[in-house]
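# Residue-level structure breakdown
The primary structure of each chain is shown beneath.
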Amino acid sequence: MYLTQLGWNNFFQNHFSSRQLLDLFPARVSEENRGFYRVLSEQGEFLAQLSGKFRFRAETNPVVGDWVAVKRNGAAMIEAVLPRKTSLSRKTAGRRTDEQLIAANVDTVFIVSSMNQDLNFRRLERYLTIVWDSGARPVILLNKADLATDPYAVCAEVESVAPGVSIHPLSAKTGEGMTELHPYISCGLTVALIGSSGVGKSTIINALTGLSLEVQEVRESDDSGSHTTTTRQMIVLNAGGILIDTPGMRELQLLENENGISNAFADLESFAENCKFRDCTHRNEPLCAVIAAVESGLLSADRLQSFHKLQAELNFVRTKTDRFAANAKKQREKRACKSVKSFKRT
Ligand code: GDP
Ligand code: ZN
């Protein structure tokens with residue numbers, strides 16, 4: 001297996017050489033399981049662990065898709081994570097709103113929707129925002145075209161909430177439109193899929209991999225000797241390209257920043273440039289170009305409303321994050337005080 005087939009390119013090569021990681025070699029993380037990382041490299045596939053030095057430096061832990069520098073004399077040890085080209089993250093479950101990284105170095109994210117059900121534009125906008133935030137390129141797949149009476153009308157509708165994004169109608173069931181995806185999965189490019197349950201992600205993955213998800217499943221024994229069934233989280237496709245499909249991908253939640261929002265609302269932002277006030281919220285400010293665009297019919301009122309809604313959610317997430325960060329800082333200071341005290345005692 002060549003590194004380029006796994007997605008290696010100049011970006012990673014430059015970081016790798018600049019750090020003079022001489023006795024180390026690069027490998028890509030294909031799975032993480034209780035402190036063990038399955039990695040793919042020119043030396044094949046094997047399990048690696050974080051080195052003591054790495055853990056001591058307390059860098060962020062590797063995730064699926066990461067390129068790591070590995071040392072192998074006997075056991076394989078991960079010594080460093082190379083800088084990420086893109087990073088897809090989500091809000092962690094529960095009340096905390098810190099980010100959780102779910103996959104790294106994804107080039108393209110297929111946002112999957114279904115033509116018949118679930119064509120929820122607001123949700124689509126959120127997914128777009130998440131993908132823009134990650135640095136990856138969003139591409140919208142409108143699956144189950146075989147069930148729609150006029151697939152192209154649906155596409156046109158979706159286009160209005162996703163300016164500048166490629167949209168592909170297709171049917172994973174009949175195979176129609178699937179060849180449109182080939183450019184995104186050519187050699188060395190990494191793709192991932194997000195979308196609600198039932199829209200056909202597994203069916204699309206099966207069509208791309210030529211495997212059925214059941215076939216992909218691998219049985220592994222854990223420490224207690226009992227078997228657990230997991231599916232492959234990173235697959236190198238026969239057509240070239242690498243597919244990432246982790247459980248985290250499947251439960252992606254909202255966590256955007258303004259950057260992502262303005263990309264997902266590029267049409268609105270282009271009007272906003274002409275607002276009188278730089279910090280215009282487009283609610284009731286005088287000389288607001290966005291409100292003017294809605295009034296003259298150039299921008300839909302729905303679109304402005306969903307912008308406001310997303311902005312409000314974002315503010316909510318942000319205040320929670322700030323509070324969480326403040327608490328964490330207090331905890332850290334407390335711990336630091338304690339360790340200074342115990343140090344003095346000895
Ligand atoms: P996932 O939850 O997103 O992984 O969705 P699945 O791949 O499990 O698909 C959900 C259901 O939709 C299954 O019954 C599929 O057979 C069906 N399905 C998937 N793609 C298509 C399609 O292109 N056309 C039709 N008619 N059904 C599809
Ligand atoms: Zn305005």
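Let me sum up the structure you'll find in this document. (Residues numbered from 1 in each chain as written. Chains lettered and ligands numbered in written order. Predicted model: local features only at pLDDT ≥ 70, side-chain atom pairs only at ≥ 80, totals over all residues. Heavy atoms only, no water.)

A tally of helices and strands in the protein yields 11 helices and 15 strands. Here the protein holds 346 residues, and the buried ones make up 45% of them. Counting only contacts in the protein whose residues sit at least 6 apart along the sequence, the fraction spanning at least 24 positions is 64%. (Helix = DSSP H or I, 4+ residues; strand = E, 2+ residues; numbered from the N terminus. Buried < 20%, exposed > 50% of the residue type's maximum accessible area, 1.4 Å probe, protein only. Contact = heavy atoms within 4.5 Å.)

Right, let's get into the side chain of Ser 51. Examined against the element boundaries, Ser 51 turns out to sit in the loop between strand E3 (44-50) and helix H2 (52-57). Residues contacting Ser 51, with those up to four places away along its chain left out, are Met 77, Ile 78 and Glu 79.

This structure, assessed with the given rule, holds seven salt bridges. The partner of Glu 31 in a salt bridge is Arg 38, and the shortest N-O contact between them spans 3.7 Å. Residue classification places Arg 38 among the buried positions, given a relative accessible area of 17%. Across the salt bridge formed by Lys 85 and Asp 107, the nearest N and O atoms sit 3.6 Å from each other. Taken together, the residues span a long stretch of sequence, with Lys 85 in the loop between strand E5 (75-81) and strand E6 (87-91) and Asp 107 in the loop between strand E7 (99-104) and strand E8 (108-114) at a distance of 22 residues. One continuous salt-bridge network, built from bridges that share partners, spans Glu 31, Arg 38 and Glu 45. (Salt bridge = Lys/Arg side-chain N within 4 Å of Asp/Glu carboxyl O.)

You can see Ala 80 is positioned in strand E5. Judged by its relative accessible area of 5%, Ala 80 is buried. Distance in space between the C-alpha atoms of Ala 80 and Arg 55 is 9.6 Å, their sequence separation being 25 residues.

Surveying the vicinity of ligand 1 reveals 16 residues, the closest of which are Asp 146, Gly 198, Lys 201, Ser 202 and Thr 203. Here an oxygen atom of ligand 1 and a backbone polar atom of Val 199 are 3.4 Å apart. Here an oxygen atom of ligand 1 sits 2.6 Å away from a polar atom, N or O, in the side chain of Ser 202. Protein chains shield 73% of the accessible area of ligand 1, which is 580 Å² for the free molecule. Taken together, the residues of the shell around ligand 1 break down into three nonpolar, eight polar and five charged. (Near = heavy atom within 4 Å. Polar contact = N/O pair within 3.5 Å; in protein donor to acceptor, adjacent residues only side chain to side chain. Areas by Shrake-Rupley, 256 points an atom, 1.4 Å probe, with all protein chains shown as cover. Nonpolar A, V, L, I, M, F, W, Y, C, P; charged D, E, K, R; others polar.)

For the rest of this paragraph, the subject is the coordination of the zinc ion (ligand 2). In the first shell of the zinc ion (ligand 2), the protein supplies Cys 275 (SG), Cys 280 (SG), His 282 (ND1) and Cys 288 (SG), at 2.1 to 2.4 Å from the metal. Here the zinc ion (ligand 2) is ringed by four donor atoms whose angles at the metal span 101 to 116 degrees, and the overall shape comes out tetrahedral. Expressed as a motif, the donor residue spacing for the zinc ion (ligand 2) is C-x4-C-x1-H-x5-C. Assessed through its relative accessible area of 10%, Cys 280 is described here as buried. Residue classification places Cys 288 among the buried positions, given a relative accessible area of 7%. (Donors = N, O, S within 2.8 Å, 3.2 Å for Na, K, Ca; no water. Tetrahedral: all angles 85-135°; square planar, octahedral: opposite > 155°, others 65-115°.)

Counting 56 residues, the largest nonpolar core has Ile 140, Leu 142, Val 158, Ile 244 and Val 290 as the members making the most contacts within it. Among the elements that line this core, the one with the most residues is helix H3 (residues 121-134), at six residues. Membership of the second largest hydrophobic core comes to 19 residues, among which are Val 139, Leu 181, Val 191 and Val 199. (Core = buried A, V, L, I, M, F, W, Y, C linked by side-chain atoms within 4.5 Å.)

Right, let's get into the packing of aromatic side chains. All told, the structure shown has eight aromatic pairs when counted by the stated rule. Seen from their ring centres, Trp 8 and Trp 67 are 4.8 Å apart, and the 70 degrees between their planes marks the pair as edge-to-face. Here Trp 8, found in the segment before helix H1 (10-18), pairs with Trp 67, found in strand E4 (residues 67-73); they are 59 residues apart in sequence, far enough to count as distant. Take Trp 8 and Trp 67: they sit in the same class, and that class is buried. Ring geometry for Phe 265 versus Phe 307: centroids 5.3 Å apart, planes at 80 degrees, classification edge-to-face. In this pair, Phe 265 is assigned in the loop between helix H8 (258-264) and helix H9 (266-272) and Phe 307 in helix H11 (residues 301-345), connecting sequence segments 42 residues apart. On the accessibility criterion, Phe 307 (6% relative accessible area) is buried. Its end group placed over the ring of Phe 277, Lys 276 keeps NZ or CZ at 5.6 Å from the ring centre. (Phe/Tyr/Trp six-rings, centres within 6.5 Å; stacked < 30°, edge-to-face > 60°. Lys NZ or Arg CZ within 6 Å of the ring centre and 35° of its normal.)

A separate point is the sheet that holds strand E14 (residues 234-236). One open sheet holds the six strands; their spatial order is E10-E9-E8-E11-E15-E14, and the pairing between them is mixed. Looking along the sheet, the strands with just one partner apiece sit at the ends: strand E10 (166-169) and E14. When the angles between neighbouring strand axes are averaged without regard to direction, this sheet yields 25 degrees. Direction of pairing for E14 relative to strand E15 (residues 242-244): antiparallel, over a ladder of three bridges. Across the sheet, residue Met 234 finds its bridge partner in E15, namely Ile 244. Here helix H4 (residues 151-159) sits on the sheet in contact with strand E9 (137-143) and E10, set at roughly 160 degrees to E10. (Pairing = 2+ DSSP bridges. Axes fitted to C-alpha atoms, helices over the stretch in contact; angles between N-to-C directions.)

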